[in-house]
Every structure is written in C-alpha cells, then in structure tokens.
Amino acid sequence: MLNPFKKIIEHQNVPEIIRERVMSDIRLIKLYLDMADLMAVKYPSSVINLLDATLEDKKNENKNSDEK
Amino acid sequence: MEAPYKEDNLSDEQLIQKITETNNTYLFGLLYDRYSGIVFNKCIGFTSSYEVAQDLTQDIFVKLFVKLKSFKGESKFSTWLYAFSYNHCVNFVQRELKGDKKTVSITENIEDELTDEISDREIYELKAEKLKSALQMLNPNDRMMLLMKYQDDISIKEISAVTGLGESAVKMRLSRAKVNLVKFYNDIQ
C-alpha cells in the first residue's frame, strides 16, 4: 500500500530569482555583521593599541630626557 | 566568484562548519542549491500557494544563514532543516490566521472528543487528493507533525530532538493530529 503522503509531494522548480534575492539579502547581512565587528571590536581594539603605544612612547621620551 | 575550496564533495555537516567559521556566501550558495528545491516544495505543500512558498523559501534561507550556528549536529541536517522550515511555515500560517481573525478552535473541540487511536493502515488508505484538502484544514502544528512523520519519515525520536518535545508528547500530538485529520477527511464530500 503506497503512503498517500508521498503522493502529494510537490515537484516544482524554485524560480532563479529566489536565489538572487537570498544571496543579495545575505550579502547585506554579512556587511552589517562585518560593520558591527569593525565598530564594536576591531576599531576600539585599534584605538586602545594606539593609545597604549602613544603612552609608551611618551614614557620612553621622558626617560630619555631624564637621562640626558 | 571562483570556489575557494573543493567543496562539492563536502558532507552537509562539513559544509555547515565551513560556513559558520567563515560566513562565506559562496559556500552558503552551495547549501542553498542542495536544499532550496526540497524546502520550496515543502512550503508549497504546507501553504498550497506557489507565490507564498516563494516568499517563505526566501525568508527561510535568509533566517538559516543567521541561525546556522544553532545546528549542533544532534540529528541529520536535512531533518533539522525540515523542522526549521515547518516551524517557519507554522508561524506564518498562525500569523495569517490571527490577521484574518480566524481561530483554529474547531480542532480543539475535536480533540476533546478523542477516543480511538487511528492506525497507520487507516492513514495509508486515505485518498491523496482528499488528504491534501484535509491537511489544509488542519491546525498548522498538527499538519507539521503529520508531514514530518508520514512524508519525511522522521522517527519519533528525531521529531522529539528537533522540536524539543518529549517523545511521549510527540506521540500524543501525532495521535491527536491523526484523529483531527481523519475527522476533516470524512467531512469532505
């Protein structure tokens, strides 16, 4: 006895436009994620590194001038 | 864009791992190509509308890109994706019903009258065309349970894993869904 649930399975092709829409949407999502990562993680981390490096330079400068 | 990996031979699980590690859109496109047809046809089966199924398929794959990390490999990816897709369809149908001010209380009344268990044999004796109509009249949650069990051949254990329900709850829901289905089926002239 054939399962009637199997007989009602559809066999339509997905329109190509759906693929284009999905890929366009996920590229946008990826851009948002990358921007969020840049602004929330990478940018603050760069600023902290820059400030640390500047402070370190100033310390070294002061040390050098004291030695002179 | 050229393929950065020899990914055509990758299993679903390997492909998903690479996508979640890199958010690579090319690799996600491969996953789309593997499953879009199945998901699209499930959406048509669930909603009986070609146009609605197009929108649902698009939404499901966009949501999938964001939620792919939540696939933990506890079941086959296809099983997980079917449940993911059905859940999206159920939510959509329920929102539509709310918007139309319709309710699905009719099935609740039927549930109160439950007495006999419907056997698989009785289910297999149903006529396909009438079955299709009866499924559309069912509560979307009942429809999802029946499609997973009888169309996708997902075991009770796997349905339990992907829905987060206990096995006894799954059995109970399936049993109710079958009774409701047969009731609607018999009401169709």
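Since the model is a prediction, treat every value here as computed from it, not as a measurement.

Assigned secondary structure in chain B consists of ten helices and zero strands. Counted from the first residue to the last, chain B has its helices and strands arranged as α-α-α-α-α-α-α-α-α-α. When each of the 189 residues of chain B is scored for burial, the buried share is 34%. Put simply, 70% of the contacts in chain B that link residues at least 6 apart link residues at least 24 apart.

Looking now at the overall build of chain A. Within chain A one finds two helices and zero strands. Taking 2.2 N^0.38 as the reference for a compact globule, 68 residues should give roughly 11 Å; the C-alpha atoms of chain A span a radius of gyration of 29 Å, well beyond that estimate. Dimensions of chain A, computed from C-alpha atoms along their principal axes, come out at roughly 100 × 30 × 15 Å. When the 68 residues of chain A are sorted by exposure, 6% land in the buried category.

A word on the domain arrangement of chain B. All names here are of chain B. The domain architecture assigned to chain B consists of domain 1 (1–100) and domain 2 (103–189). For the side of domain 1 that touches domain 2, the element with the most residues is helix 4 (residues 77–99), which contributes nine residues. Looking at the side of domain 1 that touches domain 2, its residues break down into eight nonpolar, four polar and one charged.

Residues and elements named next belong to chain B. With 49 residues, the main nonpolar core has Phe-28, Leu-31, Cys-43, Ala-83, Tyr-86, Met-148 and Leu-181 as its most contacted residues. With ten residues, the top contributor of residues to this core is helix 2 (residues 25–47). For this core, the two domains that each supply at least three residues are domain 1 (1–100) and domain 2 (103–189).

Attention now goes to unusual backbone geometry. Residue and element names in this part refer to chain B. With a phi angle near 55 degrees, Asn-23 is a residue other than glycine that sits in the positive phi range. The exposure class of Asn-23 is partly exposed, given the 16 C-beta atoms found within 10 Å. You will see that Ser-48, though not glycine, has its phi angle at about 60 degrees, which is positive. Positionally, Ser-48 belongs in the loop between helix 2 and helix 3 (50–67). Here Ser-48 falls in the partly exposed class, since 14 other C-beta atoms lie within 10 Å of it.

A separate point is the interface of chain B and chain A. Many descriptions give the size of an interface as the accessible area lost when the pieces come together. Opposite the 27 residues of chain B that make contact, chain A presents 25 residues. Of all the secondary-structure elements, those providing two or more residues to the side of chain B that touches chain A are helix 2, helix 3, helix 7 (128–137) and helix 8 (140–151) of chain B. At ten residues, the largest contribution of residues to the side of chain B that touches chain A is made by helix 2 of chain B. For the side of chain B that touches chain A, the per-class residue count stands at 14 nonpolar, eleven polar and two charged.

Further remarks concern the environment of Lys-130 of chain B. All names here are of chain B. Structurally, Lys-130 can be placed in helix 7. A tally of 15 C-beta atoms within 10 Å means that Lys-130 is categorised as partly exposed. The spacing of Lys-130 and Ile-188 is 58 residues in sequence and 7.2 Å in space, taken between C-alpha atoms. Here Lys-130 is in contact with Tyr-185 and Ile-188, once residues within four sequence places are set aside.

To continue, consider the environment of Phe-184 of chain B. Residue and element names in this part refer to chain B. Looking at where Phe-184 falls in the secondary structure, it is placed in helix 10 (residues 167–187). A sequence separation of 53 residues divides Phe-184 from Leu-131, and the C-alpha atoms of the two residues are 9.0 Å apart. Phe-184 has contacts with Ala-134, Met-137 and Leu-138, leaving out every residue within four places of it along the chain.

Of all the positions in helix 7 of chain B, only Leu-131, Ala-134 and Leu-135 of chain B are classed as buried. On an axial view of helix 7 of chain B, the arc spanned by its buried residues comes to 105 degrees, and they lie on one face. Elements that come into contact with the buried residues of helix 7 of chain B comprise helix 1 (4–7) of chain A together with helix 8 and helix 10 of chain B.

Analysis parameters
Residue numbers run consecutively from 1 along every chain, following the written order of its sequence. Note on labels: chains are lettered from A, ligands numbered from 1, in written order. Selection of residues for local features in this predicted model requires a pLDDT of at least 70, selection of side-chain atom pairs for listing and counting requires 80 or more, and totals for whole chains, interfaces and linings are taken over all residues. Where helices and strands are cited, they refer to DSSP runs of H or I of at least four residues and of E of at least two residues respectively, numbered from the N terminus. With C-beta atoms placed from the backbone, the exposure class of a residue follows from how many other C-beta atoms lie within 10 Å of its own: 20 or more, buried; 12 or fewer, exposed; in between, partly exposed. By definition, residue pairs are in contact when their C-beta atoms, positioned from the backbone, come within 7 Å. For the radius of gyration, the atom set is restricted to C-alpha positions; the globular benchmark scales as 2.2 Å times the number of residues to the power 0.38. Each domain's extent is set by a domain assignment, obtained either automatically or from a database. Any residue that is not Ala, Val, Leu, Ile, Met, Phe, Trp, Tyr, Cys, Pro, Asp, Glu, Lys or Arg is counted as polar, Gly included; the first ten are nonpolar and the last four charged. A set of buried Ala, Val, Leu, Ile, Met, Phe, Trp, Tyr and Cys residues, joined through C-beta atoms within 7 Å, is what we mean by a nonpolar core. Each direction from the helix axis to a C-beta atom contributes to the arc, which is the arc of those directions.

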